[in-house]
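Letter by letter, the chains look like this.
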Amino acid sequence: MYGKPPCRLGVLVSGSGTNLQAIIDRIESGEIHAEIVCVISNKADAYALTRAAQHRIPVVVHENAGFTERRSYDAATVEILRSHNVDLVIMAGFMRILTDVMVNAFPHAIMNIHPALLPSFPGLHAQQQALDYGVRYSGCTVHFVDCGTDTGPIILQTVVPVEQDDTEEALSARIQKAEHQTFAAAIKLFVQGKIRVVGRKVIIAK
Ligand code: GRF
């Protein structure tokens, strides 16, 4: 009589939160059977917090100050996520590399979006790296998070063309549109129980 309860998402943010918004919109439209149970920001002024509040999603400002070690910061993050019974952690523009403390607490249950076709152009300024290299195509990658910089198993990728006269802003905007679709699609697959990880490979059930 009762369906499966919605998957409980914890979303980590640092910035404007357009990816967060895209996820909120798809949950509200019924496309993704999930609930965002908390949004955690390491920046007190992140606009993502305003977006969350507009949708009555509980927010936690969890700043770096006071934590001398990355692992103790992560241990505190794990505690917040556990206190909300989170099933899947979403890094939606969260500008920190995770330690083993977070990665081991949520094995194959932390997703990140990166604005390039990994393994090309990991790290910061991925769009500018792509422009400087002169590639014709870039895109975005949703992957599970491990302790490296953008190195975890790849779930989905979307290719985006690079135009000859692109600026970093223009390419970023084009990639970001793809990010919103791709992230939502990956979350939906997880929520539907269609994702399995074998070594480095992510197997998606048909
Ligand atoms: C996105 O471009 C994402 O690829 C990168 O950070 C940006 C976050 O944007 N990891 P937003 O905060 O979701 O608007």
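Chemist: Give a description of the environment of Pro122 that names residues and reports values.
Modeler: Its place among the elements puts Pro122 in the loop between strand S5 (110-114) and helix H5 (126-133). C-alpha separation for the pair Pro122 and Asp150, spaced 28 residues apart in sequence, amounts to 5.8 Å.

Chemist: Which residues make up the site of the ligand, and what values go with them?
Modeler: Within the structure, the ligand sits among Ser16, Gly17, Thr18, Asn19, Gly93, Ile113, His114, Pro115, Gln176 and Glu179. Within the backbone of Gly17, a nitrogen or oxygen atom sits 2.7 Å from an oxygen atom of the ligand. The separation between an oxygen atom of the ligand and a polar main-chain atom of Asn19 is 2.9 Å. Here the ligand has 370 Å² of accessible area as a free molecule, and 84% of this is covered by the chains. Those elements that place two or more of their residues in the shell around the ligand are helix H1 (18-28), S5 and helix H6 (168-191).

Chemist: I'd like to hear about the pattern of salt bridges, residue by residue, with values.
Modeler: Applying the stated rule across the entire model yields 2 salt bridges. For Arg71, the salt bridge is made with Asp100, and the minimal N-O distance between the two is 2.9 Å. Of this pair, Arg71 sits in helix H3 (residues 70-83) while Asp100 sits in helix H4 (residues 100-105); the two residues are 29 residues apart in sequence, bridging distant segments of the chain. We classify Asp100 as partly exposed; its relative accessible area is 29%. With a closest N to O distance of 2.8 Å, Arg174 and Asp166 form a salt bridge. For Arg174, a relative accessible area of 26% gives the class partly exposed.

Quick notes on the rules
Residues numbered from 1 in each chain as written. Predicted model: local features only at pLDDT ≥ 70, side-chain atom pairs only at ≥ 80, totals over all residues. Heavy atoms only, no water. Helix = DSSP H or I, 4+ residues; strand = E, 2+ residues; numbered from the N terminus. Near = heavy atom within 4 Å. Polar contact = N/O pair within 3.5 Å; in protein donor to acceptor, adjacent residues only side chain to side chain. Areas by Shrake-Rupley, 256 points an atom, 1.4 Å probe, with all protein chains shown as cover. Salt bridge = Lys/Arg side-chain N within 4 Å of Asp/Glu carboxyl O. Buried < 20%, exposed > 50% of the residue type's maximum accessible area, 1.4 Å probe, protein only.

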